[in-house]
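A look at the structure
The primary structure of each chain is shown beneath.
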Amino acid sequence: MTRLPSCLLGLVTASIGFGEAAGSDVEQIQFFESKIRPLLAAECYDCHGPEKSKGGLRADHIDFLTEGGDTGTALIPGDVNASALISAVRRENPDFSMPPKKELSKEQVTLLEKWVEMGAPWPEERVEREETDEHGFTAKDYEWWAAQPLAKVSVPKRNGEWAKNEVDHFTARKLSEEKLSPAEPASAQEMVRRIHFDLHGLPPTPQEVDSFATAFSKNPDKAISERVNILLASSRYGERWGQHWLDVVRYAESDGYRADDYRPDTWRYRDYVIESFNDDKPYNQFIREQIAADEFAPDDPDKLIGTAFLRLGIYEWNQRNARMQWDLILTEMTNVTGEAFLGLGIGCAQCHDHKFDPILQKDYFALQSFLNTTWWPEDHPLGSADEKAKYGQQMAQWKKATAPFLEELEAMQQPKIESSIKGIVKQFPADVQKIYWKEESQRSAYEEQLAQLVQRQVDKARQKIDWKKQFEKDKEKSTRYAELTAEIAKLAEKKPKDLPLAFITTDVKPKAATTFFETRGEKVAVEPAFLTLLGQPAPNISPAKNTTGRRTALANWIADESNPFSTRVVVNRLWQHHFKQGIVPTPNDFGRLGEEPSHPELLDWLTRKFLDGGWKMKPIHRLIMNSATYRQTAQREPTSVERITDPKNRLLWRYPPHRLDAEQIRDAMLVASGELKHREGGASVDGNAPNRSVYVKKRRNTKDPILGSFDKPNGFSSAPNRISTTTPTQSLMLVNGEWAVARANAFAKRLLSSKKKADAELVRSAYRLAYGREARPEEVEASLAFLTSQANAVGAPAPPEPKYPGETGLRPIGQVFKGIKEPELGENSLWLQPGSRFERLEVSEVEWPTKEFTIEAIANIDSIHKNASVNTLAGHWNGSNKESGWAFGVTSEKSRYQPLNFIMQLVGEDFQHNVIYEVVASDLRFPKQKPAYFAAVVSAKPKKDDPTKGSVTFYLKDLSDPKAKLQKKIVHHQVVGGLRVKENIRYLIGARDQPGHYWDGQLARFTVTEGTLTESQLLINGGEAPRVIDFDFSSESGEEPEPKTAWLREAPKSSTSPYPPALLGATTDFCHALLSSNEFLYLH
Amino acid sequence: MSCNRIEQPHSRREFLGKAGVGFGAVALSALTGENLLGATKAPNPVAAKIPHQLGKAKNVIWLFMEGGPSHLDLFDPKPLLNKLAGQSLPESFERPVTAMGEVNSPLLASKREWAQHGESGLWISDWLPQHSKIADDLCVIRSCQSDGINHAGGVCQMNTGSVFGGRPSLGSWISYGLGTENQSLPAFVVIKDSNAMVVNGARTWGSGFIPAVHQGVLLENGAEPIKNLHNPGGVSDKRQEQKLGFLQQLNENHFDSRTSNTELEARIRSYELAFRMQAEAPEAIDLESEPEHIKKLYGLDQKETQIYGRQCLMARRLVERGVRFIQLYHGAGSKWDSHSKMEENHSRLCRNVDVPIVGLIQDLKQRGLLDDTLIIWGGEFGRTPMSEKGDGRDHNPTGFTMWMAGGGAKGGQTIGATDELGLFAVEDKLHVHDIHSTVMAMMGLDHTEVVYMHKGRPERIDLNEGRVHEPVFKDT
């Protein structure tokens, strides 16, 4: 930034002597320099200067002012009243007052008036206006550092012991220029953690720490170099460094719009990236494969999958504005290509010539035109030529075998399919419909792309057709449909296993689409070309068999040694991940809005080295990691000199301390707890799986809670660097979250192993596993003290705390059941709260009917279990499917009967006296968070007409909806006897006699009647019947809400854990603290 | 280049020295409500910052009617629509691209009774009978425009300015620009009316590329409103406190020789904040202590209104506690979306919100909070004059209504207009970018100055395209 010397920037406060100023030229210039220039600089240049020129106006030379901006001339020398500048500072027009937010003082205004009046003298006769060429570029534009060819750099000479290799000579020179000195070398312990986290993203094991320390004490250089080689040879390396690339290419596995559909085949690209790193695939090849493998290696699945890069962007499955949609897709593809490979934030040039970089709007569209014929096929199988041929053959055979049935089936389906297609297509704008109905051969490439966008929606609708339902109404058709599908199913074995679908990109036609760019209302066709600034000839494009060949030309340009951007950009990324900051700190923007390189010569030297080494990354890792620069300690506080000279540590006067990133944290916790399971690629896993984070499913709209919380990027655009945030919700997750607690628990069990107490050895072991170092004696002491006092605090686990203090287990009836007149309710309802003291109510001393009975209840449900547990309102069952019992409840989120299905579970005897377990599902949905009446009339004895069957008649009514009807469903089952429940099994409300499966909600009325009630006898119909139990919770005391009931508050059964609760609890807490601590989360 | 406006935490070592023994004392003072930061400068990145200029509003409550309410049946009467009902859109009208392709379907009459209300004579339909009481507080903007023809793009743009995901939401920008006034609650809170998810999931209130501390925090239904707010199962307060004390001790020892690393310090602090949040958040949203007449005002006594009433009442409690930005989703999961049976659907939804919204505004007013609190009402778009499936309307992002009240908004006025059928905004058009810029201005922020450098580009809420529409809050 250009700044005036500070002495000129002071505000004008002195009173003004007009007489003196109006005199000679010299005096005029003195007046200008002492009063006017500082005033303009302080008040105007920020918005009207070389950096910004709001309203097209600059105020840093008289010529600019007289020329004026968008609204005309700003100053007429000598004419105060006609000068817009004066009018603006006088604030004559409220819409045109300057400066906008701050009124100038009267003195300042007077000074300006005086100056204009004297003819606005300005000493520099000519403005330093930069000459521009026919493209509008200045000489300075051509000097843009990033666009220059790599400089021929010789390694600086430097004496002394510090340097280990060439890298250090560059960094040492910069440091000494600024009179800074490097930090001491890191200790073996600091070094080994750094190297492991850096190359593998994982902490070293205690054994790895020890072996390194031994080697390091003998020969540190050798120890480092050997360890780096070992780690580079392991496939854990690709899992770590592949992740960096996945960030850059906005990798995610879902669509990212409303439906956020999961993309099951995307992970193959992730594996491709990991393998490419592990193989040290030359980066130029890596570039070519991702941009154009379909053009030069269409039959090599291992390369072809690289083109997934171009389709990782987001997609909206039901967007009808097809033109806009394609435009968005293409724009996204162009921007990510520019950022990922070229380090150019070219997005700005989409709408106008780039304001800061010499990139023209035309350049943007020329670049886009390389990509403009692409398409994302949905039906390409991924396989080698042989595999595909074999598959094709088998498929043909299968088709032949099934032909008689298949053809008939398809004929049956045809009318519906046609109407479905029409229904979808007509939702698109008329012009797009026309294109869709054209013959494919008549469509241009662009039209084909639009038609394919429509086709995707057509296909989706077709997949959704429920054929069984379609034919349901026509008995004949429905029978025939069943027969045909059965016949086809018989031949299923002959059907070849589908090849994986290729999540790839290719061109829609060999003839390119036209890219237009609009300038001043004119539409101009643009041909593929490279950045105008570079002055390179237009590319030679040779069409391939099914493609335009354009992307090959683009890939070759990017992957060319002489490309100044791509080559520096990738080397900068390598440096960046080793030092947490690139030589250019804005890795996706080498333009003028980005920052300039701290070590430009080093960057060019390293890049040359990289190219000469065949574009391979591993040699560069070695070079960097064996340097003295990399080996500095991070554990050194800045001196006051460093704070002032280089507060951001860009010159590397120490190794930068930093927090671990999301994947490192999650993986390190799994390593410490001993749970991490390695795998070599494959489909993505749930975040709860004990695999490395790079394999965790990445949905755009639903972040994994752990990874998302630690700033894993969301996958909507290229993310060149991670941010590291610290938030209280993150802390809550660490100290209270289930996942973190589970890791601490596993860590504790690992430590305890066969121990009977938490001793010093356990503490030392914990430090080694969590921090990779020995515990100091005072740390051991403090830890032991904590373990002891914590064991006392754990004691026997306290009963769960009430969620709300003062809670009694009863709530006023009106809270949930207000306004319900029929059936009659009491004053209170029972609040069943899992995890509280009011979790399960035991009912005692009642004779239980065993063959036929009716349960009725009025209740609501606040939440259902996230897993497949059953939300049990009442049960007389211990959950075993061998011991008699029953339970009355509704299903949870992951139930295979669908959530909120009102069910009975029965364990009894079938007609042959075998003990069987059966879920009797009503398929009636319980209304969540609404009061409802529901009843089950259970008959567990043989039906008269069919001795093999019993029945349950279900009733359900939503009481929140006055118009709701009583729903009824009779379901037959096979439990026809033996429902006599053992005495030791308790009769519970809110649960069955087994941990889990709790009801979360309120219960207003609960009855049990012997025998099967008829519909008119039900409570809801005002019916009368002798009820064995009839609770309406009118009691005063929530502790005993009805006679002969009591909250079940047994001392928890001794857990299956072999450890005493206090020991395990205290050790878990100790581990939990270690895993949440800064020493664990930071490399500092 | 200018840097991002993230305040680096200042040293708190002196404070810890005073507090004595680390977490125990800190936690205790948190529990007793003493201001922990009284003695020191606020090192919180979202601590309240000074607005760029004096704006009136301090807080925002955004009543988000998700799915797209029909402006044609609520705030923007169109007599011509009823005259032409049954016919196609006249030839003179441009054909927009619609979500379901209903461009040429017959025009659908509005069945509403319309009347003018308040001294200002604001038009409000009979679907919102209670709103007559607040007519003079409402600044109805009939000329809103968005680019999202679908819910995903529409909700995304209404929140972040772009139909394309990944950018920070308005609440995040405001948290970034203004910080928070309550150190124990998030600056940006989101509440929704059911367990259904808002379109696009949590990224709707995400912070995009700005630090996560500014993202919205969803208050869940049920006993644990903020994720991980309670001690892990079976862990007593004493045990938790001792554990956190030990953790704090580990962190203090580690920090001792690394005091220049402000991130380490920030994390030590964040555990304290988490602990305070754990203590204070449940109280902030516990409505039981509210007197009956207040509950009634918000409709908590009626089944149809109690859900949104609870949200509105909660919002008032949060505003009182200094939460900066609150979004109340009604109809989460696009329930206002009325492609068919609009009569049934909208009647019910309007009944759900009519009393609670009016209650909220009246309550804020009687407490003197309305001047500080900007209320925004609207969905991601409006609905078409053309029918769909005979009795519904399609999405209309080209012209629809939102309103603002409080926070300096000039009540009792109508801004802008749609064409004679309510399809396109034609007068004083306010694109979403302009709405965002205007809201920022009302919060005292210059939308061109609240800038975050991202990938070398200066990013703003309005994608460099918005302008402040001053008549919303200034006499003209």
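Owing to the predicted nature of the structure, the values given are computational and were not obtained by experimental measurement.

1. Here's the deal with the overall build of chain A
- When helices and strands are tallied, chain A shows 35 helices and 21 strands.
- Buried residues in chain A amount to 56% of all 1084 residues.
- By sequence separation, contacts in chain A at least 24 residues apart represent 69% of the contacts at least 6 residues apart.
- For chain A, the exposed surface amounts to about 47,900 Å²; the carbon and sulfur share of it is 50%.
- Between the averaged position of the 142 positive side-chain charges in chain A and that of its 152 negative side-chain charges there is a distance of 4 Å.

2. Section: the overall build of chain B
- In terms of regular secondary structure, chain B is built from 11 helices and 17 strands.
- Counting the 476 residues in chain B, one finds 66% classified as buried.
- Restricting to contacts in chain B with at least 6 residues of sequence separation, those with at least 24 account for 78%.
- Surface exposure of chain B reaches about 16,300 Å², of which carbon and sulfur atoms provide 49%.

3. Topic: the confidence of the model for chain A
- Averaged over all residues, the pLDDT of chain A equals 89, while 95% of them reach at least 70.
- Confidence drops under pLDDT 50 across residues 1–22 of chain A; counting only partners more than four residues distant or on other chains, this segment forms 29 contacts.

4. Comments concerning the interface of chain A and chain B
- At the junction of the two partners, chain A supplies 87 residues and chain B supplies 79 residues.
- Contact between chain A and chain B buries roughly 6,900 Å² in total, counting both sides, with carbon and sulfur atoms accounting for 55%.
- Taken together, the connections running from chain A to chain B amount to two salt bridges.
- Ionic pairing is found between Lys 243 of chain B and Asp 1069 of chain A, a salt bridge with its closest N-O pair at 3.9 Å.
- Across the contact surface, chain A and chain B share 34 residue pairs in polar contact (both at pLDDT 80 or more).
- Of all the elements in the fold, those that place two or more residues in the side of chain A that touches chain B are helix H15 (322–342), helix H29 (728–736), helix H30 (738–752), helix H31 (760–771), helix H32 (777–794), helix H34 (1061–1076) and helix H35 (1078–1081) of chain A.
- With nine residues, the top contributor of residues to the side of chain A that touches chain B is H29 of chain A.
- Its residues placed into classes, the side of chain A that touches chain B shows 31 nonpolar, 34 polar and 22 charged.

5. A look at the packing of aromatic side chains
Residues and elements named next belong to chain B.
- Under the criterion given, the structure shown has 61 aromatic pairs over all chains.
- Summarising the aromatic geometry, the rings of Phe 188 and Phe 325 are spaced 5.1 Å apart at their centres and angled 80 degrees between planes, so their arrangement reads as edge-to-face. With Phe 188 in strand S5 (residues 188–192) and Phe 325 in strand S7 (residues 325–330), this residue pair connects regions lying 137 residues apart in the sequence. Each member of the pair, Phe 188 as well as Phe 325, carries the same accessibility label: buried.
- A cation sits over an aromatic face here: Arg 112 above Trp 127, 3.9 Å from the ring centre.

6. A look at helix H16 (residues 361–371) of chain A
All names here are of chain A.
- For H16, a buried count of 10 out of 11 residues is recorded, marking the element as mostly surrounded by other parts of the structure.
- Taken together, the buried positions of H16 are occupied by Gln 361, Asp 363, Tyr 364, Phe 365, Ala 366, Leu 367, Gln 368, Ser 369, Phe 370 and Leu 371.
- Each element contacted by the buried residues of H16 is listed here: H15, strand S1 (374–375), strand S3 (515–519), strand S4 (522–526) and helix H22 (550–558).

7. Examining the nonpolar core
- In terms of nonpolar packing, the biggest core is built from 205 residues, with Ile 195, Trp 245, Tyr 269, Tyr 283, Phe 747 and Phe 1070 of chain A touching the most fellow members.
- When sequence neighbours within four positions are dropped, the list of residues in contact with Ile 195 of chain A reads His 200, Phe 212, Ile 224, Arg 227, Val 228, Leu 231, Met 625 and Tyr 630 of chain A.
- Counting residues in hydrophobic clusters, the runner-up holds 56 residues, among them Leu 63, Leu 185, Ala 284 and Leu 370 of chain B.

8. Structural notes on the side chain of His 200 of chain A
All names here are of chain A.
- Position of His 200 relative to the elements: it lies in helix H8 (residues 188–200).
- Judged by relative accessible area, His 200 falls into the buried class, the value being 7%.
- Not counting chain neighbours up to four residues away, the residues in contact with His 200 comprise Ile 195, Leu 231, Ser 234, Arg 236, Tyr 237, Arg 240 and Arg 692.

9. Concerning the pairing of strand S15 (residues 950–958) of chain A
Residue and element names in this part refer to chain A.
- Within S15, eight of the nine residues are buried, leaving the element largely enclosed by the surrounding structure.
- Of the strand pairs in this sheet, S15 and strand S16 (residues 967–973) are connected by seven bridges, and their pairing is antiparallel. Along S16, the bridge assignment pairs Phe 954 with Lys 969.

10. Observations regarding helix H18 (residues 430–437) of chain A
Residue and element names in this part refer to chain A.
- Taken as a whole, H18 has its buried residues at Val 432, Ile 435 and Tyr 436. Seen end-on, H18 carries its buried residues on one side only, within an arc spanning 100 degrees. Of the exposed residues in H18, the ones pointing more than 90 degrees away from its buried face are Ala 430 and Lys 434.
- In the core, the buried residues of H18 are packed alongside H15, helix H17 (385–425) and helix H19 (445–464).

11. Some details on the sheet that holds strand S20 (residues 1045–1047) of chain A
Residue and element names in this part refer to chain A.
- Read across the open sheet, the seven strands follow the order S13-S12-S11-S10-S17-S8-S20; overall the sheet is antiparallel. At either margin of the open sheet sits one strand with a lone partner, and together these are strand S13 (915–925) and S20. Across the sheet, the axes of successive neighbouring strands diverge by a mean angle of 25 degrees, strand direction being ignored.
- Pairing geometry for strand S11 (residues 885–891) and strand S12 (residues 901–909), over six bridges, is antiparallel. Bridge assignment links Gly 885 to a residue of S12, and that residue is Val 907.

12. Points about the packing of helix H10 (residues 220–232) of chain A against helix H25 (residues 618–625) of chain A
Residue and element names in this part refer to chain A.
- Contact pair H10 / H25: the axes reach a minimum separation of 10 Å and the direction vectors enclose 150 degrees. When the axis of H10 is compared with that of H25, the two are roughly antiparallel. Here the hand of the crossing between H10 and H25 comes out right-handed. For the pair H10 and H25, the contacting residues are Ile 224, Val 228, Asn 229 and Leu 232 in the first and Lys 618, His 621, Arg 622 and Met 625 in the second.

13. Details of the confidence of the model for chain B
Residue and element names in this part refer to chain B.
- Summing up the model confidence of chain B, the mean pLDDT is 87 and the portion of residues at 70 or higher is 88%.
- In the model, residues 1–44 has pLDDT below 50 throughout and makes 72 contacts with residues more than four positions away in sequence or in other chains.
- As a predicted assembly, this complex carries a pTM of 0.75 together with an ipTM value of 0.79.

14. A few points about the pattern of salt bridges
- Counted under the stated rule, the structure contains 87 salt bridges over all chains.
- As a salt-bridge pair, Glu 378 of chain A and Arg 456 of chain A come within 2.9 Å of each other at their nearest N and O atoms. A residue pair is termed long-range when its members are at least 10 positions apart, and Glu 378 of chain A in the loop between S1 and H17 and Arg 456 of chain A in helix H19 qualify at 78 residues.
- By relative accessible area, Arg 456 of chain A is classed as buried at 12%.
- Linking Arg 112 of chain B and Asp 126 of chain B is a salt bridge whose minimum nitrogen-to-oxygen distance equals 2.8 Å. With Arg 112 of chain B in the loop between helix H3 (79–84) and strand S2 (114–117) and Asp 126 of chain B in the loop between strand S3 (122–125) and strand S4 (138–145), this residue pair connects regions lying 14 residues apart in the sequence.
- A relative accessible area of 13% means that Arg 112 of chain B is categorised as buried.

What counts and how
- Just so you know, the residues in each chain are numbered from 1, in the order the chain's sequence is written.
- Both sets of labels track the order of writing: A upward for chains, 1 upward for ligands.
- Under the rules for a predicted model, residues below a pLDDT of 70 receive no local features and side-chain atom pairs below 80 are neither given nor counted, while totals for whole chains, interfaces and linings still include all residues.
- Derived side-chain values reflect all non-hydrogen atoms in the structure, with water molecules and hydrogen atoms excluded from consideration.
- Every helix listed is a DSSP run of H or I at least four residues long, and every strand listed is a run of E at least two residues long, numbered separately from the N terminus.
- Each residue is placed in one exposure class: buried if its accessible area under a 1.4 Å probe, protein chains only, is under 20% of its type's maximum, exposed if it is over 50%, and partly exposed if it falls in between.
- Should any heavy atoms of two residues lie within 4.5 Å, those residues are counted as being in contact.
- Methods summary: accessible areas were calculated by the Shrake-Rupley approach with a probe of 1.4 Å, and residue burial reflects only the protein chains presented.
- Think of it this way: Lys and Arg go in the positive column, Asp and Glu in the negative one, and His and the chain ends go nowhere.
- The atoms used to mark charge sites are NZ of Lys, CZ of Arg, CG of Asp and CD of Glu.
- Confidence of the predictor in every single residue is expressed as pLDDT, which spans 0 to 100.
- Throughout, the accessible surface (probe 1.4 Å) given up by two parts as they are put together, summed over both, is called the buried area.
- Any carboxyl oxygen of Asp or Glu within 4 Å of a side-chain nitrogen of Lys or Arg constitutes a salt bridge here.
- In the analysis that follows, any N or O atom pair within 3.5 Å is treated as a polar contact, provided that within protein one partner can donate a hydrogen and the other can accept it, and provided that, for residues neighboring in sequence, both atoms belong to side chains.
- Think of it as three bins: nonpolar holds Ala, Val, Leu, Ile, Met, Phe, Trp, Tyr, Cys and Pro, charged holds Asp, Glu, Lys and Arg, and polar takes everything else, Gly as well.
- Two aromatic rings from Phe, Tyr or Trp, using only the six-membered ring of Trp, form a pair when their centres are within 6.5 Å; if the ring planes differ by under 30 degrees the pair is stacked, by over 60 it is edge-to-face, and anything between is tilted.
- Note on criteria: charge over ring means Lys NZ or Arg CZ within 6 Å of the ring centre, with the direction from the centre no more than 35 degrees off the ring normal.
- Buried Ala, Val, Leu, Ile, Met, Phe, Trp, Tyr and Cys residues form a nonpolar core when they are joined through side-chain atoms within 4.5 Å.
- For two strands to be treated as a pair, DSSP must find no fewer than two bridges joining them.
- The reported arc concerns the directions from the helix axis to the C-beta atoms and nothing else.
- In this analysis an axis means a line fitted to C-alpha atoms, helices contributing only their contacting stretch, and an angle means the value between N-to-C directions, from 0 to 180 degrees.
- In what follows, roughly perpendicular refers to angles from 65 to 115 degrees, roughly parallel to angles under 35, roughly antiparallel to angles over 145, and oblique to any angle outside these ranges.
- A crossing counts as left-handed when the near helix is turned anticlockwise from the far one by less than a right angle, and as right-handed when that turn is clockwise.

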